[in-house]
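Here is how the chains run, residue by residue.
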There are 4 protein chains.
Amino acid sequence: MYGYAEHKKDLQDRLRRIEGQVRGLQRMVEEDQYCIDILTQLSSVTAALKAVGMGLLGDHVRHCVAESIERGDGEAKIEELMLAVGRLTGR
Amino acid sequence: MYGYAEHKKDLQDRLRRIEGQVRGLQRMVEEDQYCIDILTQLSSVTAALKAVGMGLLGDHVRHCVAESIERGDGEAKIEELMLAVGRLTGR
Amino acid sequence: MYGYAEHKKDLQDRLRRIEGQVRGLQRMVEEDQYCIDILTQLSSVTAALKAVGMGLLGDHVRHCVAESIERGDGEAKIEELMLAVGRLTGR
Amino acid sequence: MYGYAEHKKDLQDRLRRIEGQVRGLQRMVEEDQYCIDILTQLSSVTAALKAVGMGLLGDHVRHCVAESIERGDGEAKIEELMLAVGRLTGR
């Protein structure tokens, strides 16, 4: 069981909504909608994904990382965490 | 017809692949996979969305914005473009 | 003369303020201030730099890019612009 | 003493280098250098600031956050951490 176990339903709901938004993007392209409107929608998908990522990351720190620190064994988990944060922040 | 018209098939292919990646995220959550692995996959969806956004933006500048400038009427399009770039860059 | 010529004084004022903010970060480190407070200040320097970048980019599109399009010679400038946008957006 | 104490000299060296880079931006503007070259330099200052932020964040987790978790008192520090990560990732 991982950190997000207690938020699993909420997480799935968000991911399904994001899937719907991506299909919405396909529909907009299909209907030849205006580029800027598609980009606005795409920015909002990116923001929704980021919110999911931040939620997962918070659960991960509160559970997996915290437990490994309590066991006196946090170093590797913290290194792994920092790499994940680096990927989430881009560049 | 907008700037992305000639890349429409490629654009739809990419968006369908992103939709598949988002479903992949749901499956990972369903199967209780490790938080960090989900985050890594999520970062790669974000990167794919960003690539689509940059492609759309390039087409938009090369067509819609360039044409409005050629008509001597580029100012509003450029303002709109800069707002879209600001949204894509976050913050 | 480049696109930012008419905003040169404003641009220099902003860059001098950013330089002051970076010296402020050094002072915070020197005085052993709290990590999170330093990170908050660092995020605000990043936001100020991004604002300068967006301003430069807007001027560049309104002048250099627009003029090259009017001369019927926009393609290379647009490619260069898209690379710069890609760098500004990270990833 | 905070997490970055043992990296204080390295941190100050990096911040001084960033200060120099910001002065470099002012010089480029003063000398009317090309917009895109200034933007490239600005992107590299942003990347350097991000690297400093990631370093500070890692030290903070390894020390302040880990110690508060060991004391059984991590919740508030973790909340604060997540807000700081959110600010670093923009949007």
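As shown above, the structure is provided for reference.
Since we're looking at a predicted model, the values are computed, not measured. (Residues numbered from 1 in each chain as written. Chains lettered and ligands numbered in written order. Predicted model: local features only at pLDDT ≥ 70, side-chain atom pairs only at ≥ 80, totals over all residues. Heavy atoms only, no water.)

(A) Here's a closer look at the packing of helix α3 (residues 75–88) of chain A against helix α2 (residues 35–70) of chain B. Running from N to C, α3(A) and α2(B) cross one another at 20°; their axes reach a closest spacing of 9 Å. One way to sum up the angle between α3(A) and α2(B) is to call them roughly parallel. The crossing of α3(A) and α2(B) is left-handed. For the pair α3(A) and α2(B), contact is made by A:E80, A:A84, A:R87 and A:L88 and by B:I36, B:L39, B:T40, B:L42 and B:S43, respectively. Looking at the contact of α3(A) with α2(B), its residues break down into 5 nonpolar, 2 polar and 2 charged. (Axes fitted to C-alpha atoms, helices over the stretch in contact; angles between N-to-C directions. Helix = DSSP H or I, 4+ residues; strand = E, 2+ residues; numbered from the N terminus. Parallel < 35°, antiparallel > 145°, perpendicular 65-115°, else oblique. Left-handed = near helix turned anticlockwise from the far one by under 90°. Contact = heavy atoms within 4.5 Å. Nonpolar A, V, L, I, M, F, W, Y, C, P; charged D, E, K, R; others polar.)

(B) Structural context of the interface of chain A and chain C. Contact with chain A, which involves 5 residues of that partner, is made by 5 residues of chain C. Interface of chain A and chain C: buried area, both sides summed, is about 270 Å²; carbon and sulfur atoms make up 33% of it. Linking chain A with chain C are 0 salt bridges, by the criterion used here. Taken together, the links from chain A to chain C amount to 0 residue pairs in polar contact (both at pLDDT 80 or more). Class assignment for the residues of the side of chain A that touches chain C results in 1 nonpolar, 2 polar and 2 charged. (Buried area = accessible area lost by both parts, 1.4 Å probe. Salt bridge = Lys/Arg side-chain N within 4 Å of Asp/Glu carboxyl O. Polar contact = N/O pair within 3.5 Å; in protein donor to acceptor, adjacent residues only side chain to side chain.)

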